[in-house]
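Examining the three-dimensional arrangement
The chain contents come next:
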Amino acid sequence: MRISDQLLISNYLSGVNKSKSEIQKIQTQILTHSKINKPSDSPSGTEKSLRLVEQLNANTTYSDNIDNGLSFMQTTVSTMGSIQDEVQKIQVALSEINNASVTSENLKNYADKVDLAINSILDLANTEYDNKFIFGGTDFSQAP
Amino acid sequence: MSVTRLMDIASRSLGVYQRALDVTAHNVSNANNPDFSRQRVIFGAERTEVTAQGDWGTGVQIEDVVRAKNELTDIQIRTYNQKYNDANKRSDILGQIESVFSEPSELGLSNLMNSFFNSWEKLSVTPNDSSLRNAVISSAQSMTSKIQSLYEGMDTAKGDIFNEANDKVRDINNYLVQIQALNKQIIDSAVNNNSANDLKDKRDKALDELSKLANISVSYDNKGGATVSIGGVFAADTFSYVQFKTDIDSSGKLSITTSDESASPALNGGDLYAICDLYSKKIPEYQSKIDNVANAIMNSVNAIHSTGFTLQNPPTTLINFFTDYSNGKLVINQNILNDPKNIAVSKNGEIGNGDLALDIAGIANSKLIEGKTISSYYSGIVSGLGADKLQSDNNAEANQLVLDQLSIQKTSESGVSIDEEMTNVIKFQRSYDASAKLIQVADELLQTILQLV
């Protein structure tokens, strides 16, 4: 085959060009830390990655909501516990009134005690979690 | 049988070798001109003189100066030019559209649709929280503006390639004018027995450029004039040429026609085919798919949202979240933008009921378009676009390889080799020297005869 000077030059250039475009591709991958930067890098991979990211996002939101619900329930449970404590206090007070020799002085004491317990139950009933009244029903913007 | 015959032969060959050196110099100086085909001098014996003493050779003459050219390679190069430029242009334009989608990334529509539906899911937990309501609105806004920018990006791409089509058609027209003029000059030189090598190179160049723009076919008449047709429509010969223009028909399809609209070439190669095809088919197809996505979102969200009750006192109902969709513009209800309380997610009018928000979030999982969920339909669009681009890239690369090979063949045949030319220089110079020496010898012979007298 006859080799002309043009041929040598164009051969060389097209070789260099090819290598450079490979280098460019790999450099983009290194810079962006990802193998798929354009849909055409891998059409099926893009579809998969979009689907996975979507599921991931949905799951994150879902688990956020679950966390939220759990904390809400925990607050409710501990508030219920406190209410139970107060109810027990009233119960104890009432049974003491029933048994012991009660003077009017004493009675007033007990009345204060029961009053105190009822007030704290009322307070507990208005417990808020994340600005929501936990015993407010669906419309938790209003105090029950 | 005289000494002057020797003088004659020698002086004729002086002229011939000088001309040969000229041709060589022309070759050497065009060594870096990619469109140049090297020229060769064809030597031939001068007419023999028949005398009573026998046949007398009368020296050398130049029969012709020809281009070293393989016509077949040229035809193949034009065929692959059409294929390569078609694929390459497609890949360029699709690359532009690909960047409009900006997938896969945080900024892509896929992610923005996710955030939109997730914001509803979050709202379902605390439906009367105004910050969550605002989050729904802002995620809806980013989603609608991305849909709009996708749509407009493709419109811009269409506008750009329409302008490009006009430029290319103008180029075609210029080349056709040029080819007709060159045809004329080449035939004129043929009349004067000139081979018009450099003009032919110019015409070949114009034909090559033309083949990058559209599918052309070329035939030559016996005088050397080229007849060009584009997509089956006559374009230029020695006597006339046709001018073309772009045309957009009523259904928005882009094509090219002759300037009197009497015929339109059937394109199947070159830049213009890629442009017309993408403009008329592919881009509208992507846009209509985006329409499907936007309509599905609008209809399904509205269907649920309109049954819900707002946070207003008293709660109102039958409110659409999106009011309209056309040409990429998905419009959010202005009342909702003004007052987030107008988002209706309460199923029964009770404040704090967020069941519908959950239903709307559930749209993300329902199969609404062609049996697919909205987001998987959308990722289908993106991967389809990616596959189209990848295919064009691969086509372009494959045709590029063939073109490289062909151009190696072409330069191997037509390219100038400096070594070869310098060898010729030495060869011709020696012959020139020898011819000069012969003249000197003839002169000396004459002197000798003269001294005899």
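Given the structure is predicted, the values throughout are model-derived calculations rather than measurements.

Looking now at the overall build of chain A. Tallying secondary structure elements over chain A gives three helices and two strands in all. Each helix and strand of chain A, placed in order from N terminus to C terminus, yields the pattern α-α-α-β-β. A principal-axis box enclosing the C-alpha atoms of chain A has dimensions of 130 × 25 × 20 Å. Counted over contacts in chain A with a minimum sequence separation of 6, partners at least 24 positions apart contribute 48%. The averaged location of the 17 negative side-chain charges in chain A is 24 Å from the averaged location of its 12 positive side-chain charges.

Residue and element names in this part refer to chain A. Within the secondary structure, Gly137 sits in the segment after strand S2 (132–133). Residue Gly137 is classed as partly exposed on the basis of its relative accessible area of 48%. Note: C-alpha distance between Gly137 and Glu54 (83 residues apart in sequence) is 33 Å.

Attention shifts here to the interface of chain A and chain B. In this assembly, 34 residues from chain A lie in contact with 44 residues from chain B. Summed over both sides, the interface between chain A and chain B buries roughly 3,300 Å², with carbon and sulfur atoms accounting for 53% of that surface. On the chain A side of the contact with chain B, A:Arg2, A:Gln6 and A:Leu50 bury the most area, a combined 21% of that side's loss. Notably, a salt bridge pairs B:Glu420 with A:Arg2, separated by 2.9 Å at the nearest N-O pair. Counting across the chain A and chain B interface gives 14 residue pairs in polar contact (both at pLDDT 80 or more). Every element with two or more residues in the side of chain A that touches chain B is listed here: helix H1 (5–32) and helix H2 (43–99) of chain A. At 14 residues, H2(A) tops the list of elements feeding residues into the side of chain A that touches chain B. Residues of the side of chain A that touches chain B, tallied by class, amount to eleven nonpolar, 14 polar and nine charged.

The subject of this paragraph is the pattern of salt bridges. All names here are of chain B. Scanning the entire structure with this criterion turns up 28 salt bridges over all chains. Taking the shortest distance from any N to any O, the salt bridge between Asp204 and Lys69 comes out at 3.7 Å. Remark: Lys69 occurs in the loop between strand S4 (60–67) and helix H2 (71–101) and Asp204 occurs in helix H5 (residues 197–213); sequence separation between them is 135 residues. One exposure class covers both Asp204 and Lys69, and it is buried.

Summarising the model, chain B shows a mean pLDDT of 92, and 100% of its residues fall at 70 or more. Among the prediction metrics, the complex's ipTM stands at 0.75, with pTM recorded as 0.84.

Residue and element names in this part refer to chain B. Among the five residues in strand S6 (residues 226–230), four count as buried, and that is most of the element. Direction of pairing for strand S5 (residues 216–220) relative to S6: antiparallel, over a ladder of five bridges. Across the sheet, Ser217 pairs through a bridge with Ser229, a residue of S6. In sequence, S5 turns back onto S6 through a hairpin of five residues, with Gly224 there showing a positive phi of about 100°. Note: S6 against strand S7 (residues 233–236), three bridges, orientation antiparallel. Looking across to S7, one finds that Ile230 is bridged to Val233.

All names here are of chain B. Under the definition given, this model contains eleven aromatic pairs over all chains. Ring geometry for Tyr17 and Phe428: centres 6.1 Å apart, planes at 35°, overall tilted. Highlighted residues: Tyr17 in helix H1 (residues 3–29) and Phe428 in helix H10 (residues 418–452), separated in sequence by 411 residues. By relative accessible area, Tyr17 is classed as buried at 16%. Judged by its relative accessible area of 8%, Phe428 is buried. Summarising the aromatic geometry, the rings of Phe116 and Phe322 are spaced 6.0 Å apart at their centres and angled 45° between planes, so their arrangement reads as tilted. Taken together, the residues Phe116 in helix H3 (residues 109–125) and Phe322 in strand S10 (residues 322–326) connect sequence positions 206 residues apart. Here Phe116 matches Phe322 in class, with each residue buried. Here the aromatic cluster, defined as three or more aromatic residues joined through ring pairs, consists of Phe116, Phe117, Trp120, Phe321 and Phe322. Over the face of the ring belonging to Tyr80 we find Lys83, whose NZ or CZ atom lies 4.8 Å from the ring centre.

Residue and element names in this part refer to chain B. Strand order in the open sheet formed by three strands is S5-S6-S7, with antiparallel pairing between adjacent strands. The open sheet terminates on both sides in strands that have one partner only, identified here as S5 and S7. Going across the sheet, the axis of each strand differs from the next one's by a mean of 35°, ignoring polarity. Running at roughly 155° to S5, H5 makes contact with S5 and S6 of the sheet.

Residues and elements named next belong to chain B. With respect to the secondary-structure elements, Gly269 resides in the loop between strand S9 (254–258) and helix H6 (270–305). Along the primary structure Gly269 and Lys212 are separated by 57 residues, whereas in three dimensions their C-alpha atoms are 8.1 Å apart. Ignoring sequence-local partners within four residues, the contact set of Gly269 consists of Gln82, Asp86, Leu213, Ala214 and Asn215.

Attention shifts here to the layout of surface pockets. Left-over empty space is what a probe sized like a water molecule reveals as it rolls over the atoms. As a volume, the second largest pocket reaches approximately 340 Å³. Along the wall of the second largest pocket there are 19 residues; nearest its centre are A:Glu54, A:Gln55, A:Ala58, B:Ala364 and B:Asn365. Of all the elements in the fold, those that place two or more residues in the lining of the second largest pocket are H2 of chain A together with H3, helix H8 (355–362) and helix H9 (374–414) of chain B. A per-element tally of the lining of the second largest pocket places H2(A) first, with seven residues. Here the residues of the lining of the second largest pocket are counted per class, giving six nonpolar, ten polar and three charged.

On to the packing of H3(B) against H9(B). Residues and elements named next belong to chain B. Contact pair H3 / H9: the axes reach a minimum separation of 10 Å and the direction vectors enclose 170°. In terms of their interaxial angle, H3 and H9 are classed as roughly antiparallel. When H3 is examined against H9, the residues Leu109, Ser110, Met113 and Phe117 are found in contact with a partner set consisting of Ile374, Ser375 and Tyr378. A breakdown of the residues in the contact of H3 with H9 according to their chemical character gives five nonpolar, two polar and no charged.

Cut-offs applied
Residues numbered from 1 in each chain as written. Chains lettered and ligands numbered in written order. Predicted model: local features only at pLDDT ≥ 70, side-chain atom pairs only at ≥ 80, totals over all residues. Heavy atoms only, no water. Helix = DSSP H or I, 4+ residues; strand = E, 2+ residues; numbered from the N terminus. Contact = heavy atoms within 4.5 Å. Lys, Arg positive; Asp, Glu negative; His and termini not counted. Charge placed at Lys NZ, Arg CZ, Asp CG, Glu CD. Buried < 20%, exposed > 50% of the residue type's maximum accessible area, 1.4 Å probe, protein only. Buried area = accessible area lost by both parts, 1.4 Å probe. Salt bridge = Lys/Arg side-chain N within 4 Å of Asp/Glu carboxyl O. Polar contact = N/O pair within 3.5 Å; in protein donor to acceptor, adjacent residues only side chain to side chain. Nonpolar A, V, L, I, M, F, W, Y, C, P; charged D, E, K, R; others polar. pLDDT = per-residue confidence, 0-100. Pairing = 2+ DSSP bridges. Phe/Tyr/Trp six-rings, centres within 6.5 Å; stacked < 30°, edge-to-face > 60°. Lys NZ or Arg CZ within 6 Å of the ring centre and 35° of its normal. Axes fitted to C-alpha atoms, helices over the stretch in contact; angles between N-to-C directions. 1 Å grid on protein atoms, 1.4 Å probe; cavity = no way out; pocket = protein on both sides within 12 Å on 5 of 7 lines; lining within 4 Å. Points joined across faces, edges and corners; volume = space filled by probe spheres on them. Parallel < 35°, antiparallel > 145°, perpendicular 65-115°, else oblique.

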